[in-house]
Amino acid sequence: MALELKSSDNKIFEVEELVAVQSETIKSLVEDGCADNVIPLPNVDSKTLELVLDWCKNHVDMKLDEEKLKEYEDKFIEVDQAVLYDLLLAANYLNIKDLLNRACQKVADMLKGKTPEQIRETLNIVNDFSPEEEEEIRKENLWAFEE
Amino acid sequence: MYFPTSGGFLEKKRLSHFRRFQLIESEPTTPPSKAYCLNKGRMVCSAESTSKRQKPEEADRISNLPKSLLCRILSFLTTKEAVVTSILSSRWKTLWTLVPKLDFDYYELTTTSSSAEVQSHKRYNFNFAHIVSRVWALRGASHVQKFRLHWDHGVYDPVHMDTWVRATIARGVEDIDLHIDPNSNRSFYLPCSLFNCKTLIALKLSGNFEYDTPPSSSIVFPSLKILHLEFNFNSCDYLFTLPTLCPVLQDLSVKVHCWYADWHCKFISPTLKRLHLYMKFDELPYKLEIKAPALEYLNFGGHLDSILLEDLSNLVEVVIDIDVDLTKIDYYEHYGSRAWDFIGELCDIKSLHLSANTTEFLCNASEFDPPVFHNLSFLKVKGPCMLHVLPHLLQVTPNLAVLVVEKEERNFFSCEKGESFTCDMILYEEPLQQVVRKCLSSCLTTLHYEGFEGLKNELKLVKHFLKRAKVLKTMKISSYNLNSEEKLCVLKELLLFPRHSRSCQIVFS
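One structure accompanies this document, and this report is about it.

Criteria and cut-off values
Residues take numbers from 1 onward in each chain, read along the sequence in its written order. Labels are handed out in written order, letters beginning with A for the chains and numbers beginning with 1 for the ligands. This being a predicted model, a pLDDT of at least 70 is required before a residue's local features are given, and a value of 80 or more before pairs of side-chain atoms are given or counted; all residues contribute to the totals for chains, interfaces and linings. With hydrogens and water excluded, all non-hydrogen atoms of the structure serve as input to the side-chain values. Starting at the N terminus, helices and strands are each numbered in turn, a helix being any DSSP run of H or I of at least four residues and a strand any DSSP run of E of at least two. Per-residue accessibility, obtained with a 1.4 Å probe over protein chains only, is compared with the maximum for each type, and a residue is labelled buried under 20%, exposed over 50%, and partly exposed between these values. In what follows, a contact means two residues having at least one pair of non-hydrogen atoms within 4.5 Å. To be clear on the numbers: accessible area is Shrake-Rupley with a 1.4 Å probe, and residue cover counts the displayed protein chains and nothing else. Here the positive residues are Lys and Arg and the negative ones are Asp and Glu; neither His nor the chain ends is included. Charged groups are reduced to one reference atom each: NZ for lysine, CZ for arginine, CG for aspartic acid, CD for glutamic acid. When a carboxyl oxygen of Asp or Glu lies within 4 Å of a side-chain nitrogen of Lys or Arg, that pair is called a salt bridge. Any two strands are treated as partners once DSSP identifies two or more bridges connecting them. Note on geometry: axes are C-alpha line fits, over the in-contact stretch for helices, and angles between N-to-C directions span 0 to 180 degrees. Patch members must show over 30% relative accessible area and no salt bridge, and they are joined within 9 Å when carrying like charges or within 5 Å when they are nonpolar side chains of Val, Leu, Ile, Met, Phe, Trp or Tyr. Accessible area, probed at 1.4 Å, shrinks when two parts are joined; the buried area is that loss added up over both. We define a polar contact as two N or O atoms separated by no more than 3.5 Å, with the added condition that, inside protein, one atom must be a possible hydrogen donor and the other a possible acceptor, whereas residues neighbouring each other in sequence contribute only through side-chain atom pairs. All residues other than Ala, Val, Leu, Ile, Met, Phe, Trp, Tyr, Cys, Pro, Asp, Glu, Lys and Arg, Gly among them, are scored as polar; the first ten of these are nonpolar and the last four charged. Each nonpolar core is a collection of buried residues, namely Ala, Val, Leu, Ile, Met, Phe, Trp, Tyr and Cys, held together in the definition by side-chain atoms within 4.5 Å. Starting at the helix axis, one direction is taken to each C-beta atom, and the arc is that of these directions. By convention, a stacked pair of Phe, Tyr or Trp rings (six-membered ring in the case of Trp) has centres within 6.5 Å and planes under 30 degrees apart, an edge-to-face pair has planes over 60 apart, and any other such pair is tilted. Only lysine NZ and arginine CZ atoms are considered, and such an atom sits over a ring when it is within 6 Å of the ring centre and within 35 degrees of the ring normal.

Brief notes about the overall build of chain A
Moving on, step 1. When helices and strands are tallied, chain A shows nine helices and three strands.
Moving on, step 2. Starting at the N terminus, the α and β elements of chain A follow one another as β-β-α-α-β-α-α-α-α-α-α-α.
Moving on, step 3. Across its three principal directions, the C-alpha atoms of chain A cover 60 × 35 × 25 Å.
Moving on, step 4. A total of 147 residues make up chain A; the buried ones form 46% of that total.
Moving on, step 5. In chain A, the share of contacts with a sequence separation of at least 24, taken over all contacts with a separation of at least 6, comes to 57%.
Moving on, step 6. Roughly 7,700 Å² of accessible area belongs to chain A as shown, and the carbon and sulfur atoms make up 46% of that amount.
Moving on, step 7. When the 17 basic and 35 acidic side-chain charges of chain A are each reduced to a single mean position, those positions are 3 Å apart.

Comments concerning the overall build of chain B
Moving on, step 1. Scanning chain B from N- to C-terminus turns up 17 helices and 24 strands.
Moving on, step 2. When burial is assessed residue by residue, chain B has 50% of its 509 residues classed as buried.
Moving on, step 3. Looking at chain B as shown, the accessible area adds up to about 24,500 Å², and 51% of this sits on carbon and sulfur atoms.

Some points on the environment of Ile169(B)
All names here are of chain B.
Moving on, step 1. Among the structural elements, Ile169 can be located in helix H7 (residues 158–170).
Moving on, step 2. Look at Ile169 and you get buried, because its relative accessible area is 14%.
Moving on, step 3. Taking C-alpha positions, Ile169 is 9.1 Å from Lys198, a pair spaced 29 residues apart along the chain.
Moving on, step 4. With sequence-adjacent residues up to four places away left out, Ile169 is seen in contact with Ser193, Leu194 and Cys197.

Focus: the pattern of salt bridges
Moving on, step 1. A complete count under the given rule lists 16 salt bridges over all chains for this structure.
Moving on, step 2. Among the ionic pairs, Arg61(B) bridges to Asp86(A), the shortest N-O distance being 2.9 Å. Here Arg61(B), found in the loop between strand E4 (42–45) and helix H1 (67–74), pairs with Asp86(A), found in helix H5 (residues 81–94), and the two come from separate chains.
Moving on, step 3. By relative accessible area, Arg61(B) is classed as partly exposed at 29%.

Remarks on the sheet that holds strand E15 (residues 286–291) of chain B
All names here are of chain B.
Moving on, step 1. Within the open sheet, the three strands sit side by side as E13-E15-E17. Their pairing is parallel. The sheet terminates laterally at strand E13 (263–268) and strand E17 (306–310), the two strands that pair on one side only. Neighbour-to-neighbour, the strand axes of this sheet turn through a mean angle of 10°, independent of strand direction.
Moving on, step 2. As judged from the six bridges shared by E13 and E15, these two strands associate in the parallel manner.

With respect to a negative patch on the surface
Residue and element names in this part refer to chain A.
Moving on, step 1. Taken together, the side chains of Asp65, Glu66, Glu67 and Glu71 define an acidic patch exposed on the protein surface.
Moving on, step 2. Among the secondary structure elements, Glu71 is positioned in helix H4 (residues 66–76).
Moving on, step 3. Judged by its relative accessible area of 55%, Glu71 falls in the exposed class.

As for the interface of chain A and chain B
Moving on, step 1. Taken together, the contact pairs 51 residues of chain A with 49 residues of chain B.
Moving on, step 2. Of the roughly 4,700 Å² buried between chain A and chain B on both sides combined, carbon and sulfur atoms contribute 68%.
Moving on, step 3. The interface formed by chain A and chain B holds two salt bridges in total.
Moving on, step 4. Linking chain A with chain B are eight residue pairs in polar contact (both at pLDDT 80 or more), by the criterion used here.
Moving on, step 5. Taken together, the elements giving at least two residues each to the side of chain A that touches chain B come down to helix H2 (24–31), H5, helix H6 (97–111), helix H7 (116–123), helix H8 (131–140) and helix H9 (142–145) of chain A.
Moving on, step 6. Each residue belonging to the side of chain A that touches chain B can be placed in one class, and the counts come to 26 nonpolar, 11 polar and 14 charged.

Overview of the nonpolar core
Moving on, step 1. Counting 133 residues, the largest nonpolar core has Phe147(B), Leu149(B), Leu178(B), Phe221(B), Ile320(B) and Leu403(B) as its most contacted members.
Moving on, step 2. Among all residues touching Leu149(B), those that are not within four sequence positions of it are Phe104(B), Phe128(B), Val132(B), Met161(B), Trp164(B), Asp177(B), Leu178(B) and His179(B).
Moving on, step 3. Counting residues in each nonpolar core, the second largest holds 56 residues, with Phe76(A), Val107(A), Ile62(B) and Val99(B) among its members.

Description of helix H13 (residues 386–395) of chain B
Moving on, step 1. Summarising burial for H13(B): eight of the 10 residues are buried, a large majority.
Moving on, step 2. Within H13(B) the residues assigned to the buried category are Met386(B), Leu387(B), His388(B), Val389(B), Leu390(B), Pro391(B), Leu393(B) and Leu394(B).

Describing the pairing of strand E14 (residues 274–280) of chain B
Residues and elements named next belong to chain B.
Moving on, step 1. Because side chains alternate across E14, one face comprises the buried residues Leu275, Leu277 and Met279, and the other comprises Arg274, His276, Tyr278 and Lys280, none of which is buried.
Moving on, step 2. The pairing of E14 with strand E16 (residues 297–302) spans six bridges and is classified as parallel. Residue pairing in the sheet places Tyr278 in a bridge with Gly301 of E16.

Description of the sheet that holds strand E2 (residues 12–16) of chain A
Residues and elements named next belong to chain A.
Moving on, step 1. If you trace the three strands from one edge of the open sheet to the other, you get E2-E1-E3, paired in mixed fashion. Sheet topology places E2 and strand E3 (39–40) at the edges, where each strand pairs with a single neighbour.
Moving on, step 2. Two strands pair when backbone bridges link them, and strand E1 (residues 2–6) and E2 are joined in this way by five bridges, in the antiparallel orientation. Residue pairing in the sheet places Lys6 in a bridge with Ile12 of E2.

Focus on helix H6 (residues 128–138) of chain B
Along an α-helix, residues three or four positions apart point the same way, because every turn accommodates 3.6 residues.
Residue and element names in this part refer to chain B.
Moving on, step 1. For H6, the complete set of buried residues consists of Phe128, Ala129, Ile131, Val132, Val135 and Trp136. On an axial view of H6, the arc spanned by its buried residues comes to 165°, and they lie on one face.
Moving on, step 2. Its side-chain oxygen placed 3.1 Å from the backbone nitrogen of Ala129, Asn127 serves as the N-cap of H6.
Moving on, step 3. Remark: Gly140 follows H6 within two positions and exhibits a positive phi of approximately 70°.

Observations concerning unusual backbone geometry
Apart from glycine, the bulk of residues carry a negative phi angle, and the bulk of peptide bonds sit in the trans form.
Residues and elements named next belong to chain B.
Moving on, step 1. Non-glycine residue Phe221 carries a positive phi angle of around 45°.
Moving on, step 2. Take Phe221: it is sitting in the loop between strand E10 (209–210) and strand E11 (226–232).
Moving on, step 3. The exposure class assigned to Phe221 is buried, which follows from its relative accessible area of 1%.

A look at the packing of aromatic side chains
Moving on, step 1. Within this structure, the stated rule accounts for 17 aromatic pairs over all chains.
Moving on, step 2. For the pair Tyr106(B) and Phe128(B), a centre-to-centre distance of 5.4 Å together with 50° between the ring planes defines the contact as tilted. Residue Tyr106(B) is found in helix H4 (residues 106–110), and its partner Phe128(B) is found in helix H6; the two are separated by 22 residues along the sequence.
Moving on, step 3. Plain terms: the ring middles of Trp340(B) and Phe368(B) are 4.6 Å apart, the flat faces sit at 15° to each other, and that makes the pair stacked. In this pair, Trp340(B) is assigned in helix H11 (residues 332–344) and Phe368(B) in the loop between helix H12 (356–363) and strand E20 (378–382), connecting sequence segments 28 residues apart.
Moving on, step 4. Clustering of aromatic rings is evident, with ring pairs tying together Tyr106(B), Tyr107(B), Phe128(B), Trp151(B), Tyr156(B) and Trp164(B).
Moving on, step 5. Positioned above the aromatic ring of Phe145(A), the side-chain terminus of Arg138(A) is 5.3 Å from the ring centre.
Moving on, step 6. When the ring centre of Tyr297(B) is taken as origin, the NZ or CZ atom of Arg274(B), which lies over that ring, is 4.0 Å away.

Structural data, given as structure tokens:
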């Protein structure tokens, strides 16, 4: 059985039900009988949706081969930040647990082992604390900031 | 897992109908962030982003993610790493307090530099207990889903431990992982509330633990599905009764180091699916009876003695790693026979993994007569002795589809049989050859050879498989020691071998 999904930029994707129901969101729609027409996904653009559907398809195909699946997942998640955040939001919206966790893990890896300054640099975070505020936060958890 | 949406408030997200989906988030104290609403299928933004000073392509996208997502990301970090994010910007200041995971590792929290600059900032010296207590105090009453504490060094204090464990139970914990120094003379008494905890799904205990046996009438560990125990002989008697108390246990791992001889234990679990046993018994005799009719996966390691397995109808995969001090075994050959007998009891399984140590024992067994493994479709054999044991195994696995052989480098190698021993057996010895030929021709689809060195007998074996295996789809060969020139040479030679199966792919890595 095939389902039709429409991205935010009005591109239609035809997918097998088995692949699409990896998304808990879509799965509930199917179970509630609301998936007969095209399912609009206004929070996901076509580029991201294509990637997401590729993930879902491979998870169905390689279900029994753990090693191969892990290789695929590691390769899949090697994307630049912008794409990663799009994937994260899409996985959250569509409720695809393994993709969500993998993407979160990838972002977490960008935070690991770095000083706050390095994290700000990598993620483009602007420090909006005054020097006094920053000093106070540092004192509150001094044990964490010693290197 | 529950993720907080605002100010420590918990809200389980339900997505029942697509059109009623709302992801709303508001923060009264920090700068306004985007609120997303779904209104008849169209996304509507109601607030501006705060990073006006940055160019669009360098925007700080991560800070604009919903709080629940940021907390989920932080839950992949240790608590120390999460606390560090509090200084990134005002958006991040309190996020770490909302993360439902607490992860404290003694080494991570106490390895600090002692530079003069750092010393001058410190008014107090924080030890491990101070840090953990402080985190507890500052994070408020928010939910704890996972609690991991590794306190395997320093001055271990069971009173603190008791306080923290009780605190997590009070906050609805689902996953507890405790590790204390096994050599500490102070053991940890598990509180009763742990046994009655309705939310606990996974429990990992490693070190010196004790408990008072709960009354048989009470319902103990009502939701516990995963239990991993690692302990020494001090608490041996006690802890083996723990798994039997769990009514819905599915995954059990027991690693025990015991110095008592003639120890006898019985496990009964109607729900158990995965069992990992590691018996470090100093080669003393013991007797273990296991009744787990739902068991699907068994991993056995350590010293093999009397193990009685009742009702293995659902058992699919078995991994065996016999690990004993060879100087302590009286009859080496008898031990090997015992290993064959143990494997023989598992003749209905579909997948079997034998470690290098195991194959060495099997190789040196004085007598063995394994039954036929009708359902075995996956076999992995490791170690320098794997070629010696392989023909005996191939003889009793008529339906083998995937064969993985891994030649491990080993320092202590007690086998006298030569390298070429088994190849000749497979290739030329008559009754063996018939059975093996049948299996190879109709069933074998995949062969992985790891640790290939391009030796003459290895090439001979691979050539034989390629020639006979009619339905072979993939032959994957990986080598550790060959450089790229040697690899190319071997690959060329492999590609020249005649292949019975036309669709066979050779992969060399």
